Amino acid sequence: MTAQKNAYVDVNPVIVTSDDKIVLAKRIKGIVGGGRWHLPGGRVQFKETFETTLKRVAFAKTNLKVELFYPSLKESLVGIYDDPERDPREHVISIAFLCKIVDGETKPGAKVDAVKSFSEAEIKNLEIAFDHEKTVEDAFSMLKNLNALL
């Protein structure tokens, strides 16, 4: 009997700057998606909450301390991305949340050689890894709706 394979779960912090730009990290060359920009996310570890994972991976890759943009996961949810082909390595479900910076200066970290914030127009000209362009597009739509309410 063959062992059942399961999908993995990643969370992606969509880190929003005070001027409504989104922070992306450039993956190092030699790994999947290398040389391309991506949301600085990662795997949810055993017995770890989404919020804890968001904080851990954001800091590990960008040197930024973040928290949820809104008080709850539900309010901060950008989207769930479950296309089995979205990651060429394996079936990875990505759950993305808007986050805000609470401390730190950007500095490349784990598997990253650059960290920078981009406007919506600037991101359209970047090479983006995985399906993160869809996530970023959804996040900018969320921010526009928020700003329209203000």
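Residues numbered from 1 in each chain as written. Predicted model: local features only at pLDDT ≥ 70, side-chain atom pairs only at ≥ 80, totals over all residues. Heavy atoms only, no water.

Looking at this model, I keep getting lost on the overall build of the chain. Mind explaining?
From N to C terminus, the chain includes 4 helices and 8 strands. Along the chain, helices and strands appear, N-terminal first, in the series β-β-β-β-α-β-α-β-β-β-α-α. A globule of 150 residues ought to have a C-alpha radius of gyration of about 15 Å, and the chain, at 15 Å, matches this closely. The principal-axis extent of the C-alpha atoms belonging to the chain is close to 60 × 35 × 25 Å. (Helix = DSSP H or I, 4+ residues; strand = E, 2+ residues; numbered from the N terminus. Rg over C-alpha atoms; globule rule 2.2 N^0.38 Å.)

Help me out: how do you make sense of helix α1 (residues 50-62) in this one?
Counting along an α-helix, one turn takes 3.6 residues, and residues three or four places apart therefore face a common direction. Helix length check: α1, at 13 residues, gives a terminal C-alpha distance of 18 Å against a target of 18 Å (1.5 Å per residue), a fit within 8%. Considered for burial, the residues of α1 that qualify are Thr53, Leu54, Val57, Ala58, Lys61 and Thr62. All buried residues of α1 fall inside an arc of 120 degrees around its axis, so they share one side. (Expected span 1.5 Å × (residues − 1). Buried < 20%, exposed > 50% of the residue type's maximum accessible area, 1.4 Å probe, protein only. Arc of directions from axis to C-beta.)

Whenever I open this one, the nonpolar core confuses me. Can you help?
One broad rule of soluble globular proteins: the nonpolar side chains tend to lie buried together. Of all hydrophobic cores here, the largest spans 17 residues; its most connected members are Val14, Ile22, Leu24, Val78, Leu98, Ile123 and Val136. Looking at this core, the elements with two or more residues in it are β1 (8-16), β2 (22-27), β6 (77-81), β7 (92-103) and α4 (132-149). If you tally residues by element for this core, the top one is α4, at 4 residues. Those residues in contact with Val78 that lie beyond four places of it in its chain are Val14, Ala96, Phe97, Leu98, Thr135, Asp138, Ala139 and Met142. Among the nonpolar cores identified, the runner-up in size contains 14 residues, and Val23, Ala58, Leu64 and Val115 belong to it. (Core = buried A, V, L, I, M, F, W, Y, C linked by side-chain atoms within 4.5 Å. Contact = heavy atoms within 4.5 Å.)

Looking at this structure, I do not really get the environment of Glu122. What am I missing?
With respect to the helices, strands and loops of the structure, Glu122 is situated in helix α3 (residues 120-123). Beyond its immediate sequence surroundings of up to four residues, Glu122 is in contact with Lys21 and Ser117. Within the structure, Glu122 has its side chain in polar contact with the backbone nitrogen of Ser119 (distance 2.7 Å). (Polar contact = N/O pair within 3.5 Å; in protein donor to acceptor, adjacent residues only side chain to side chain.)

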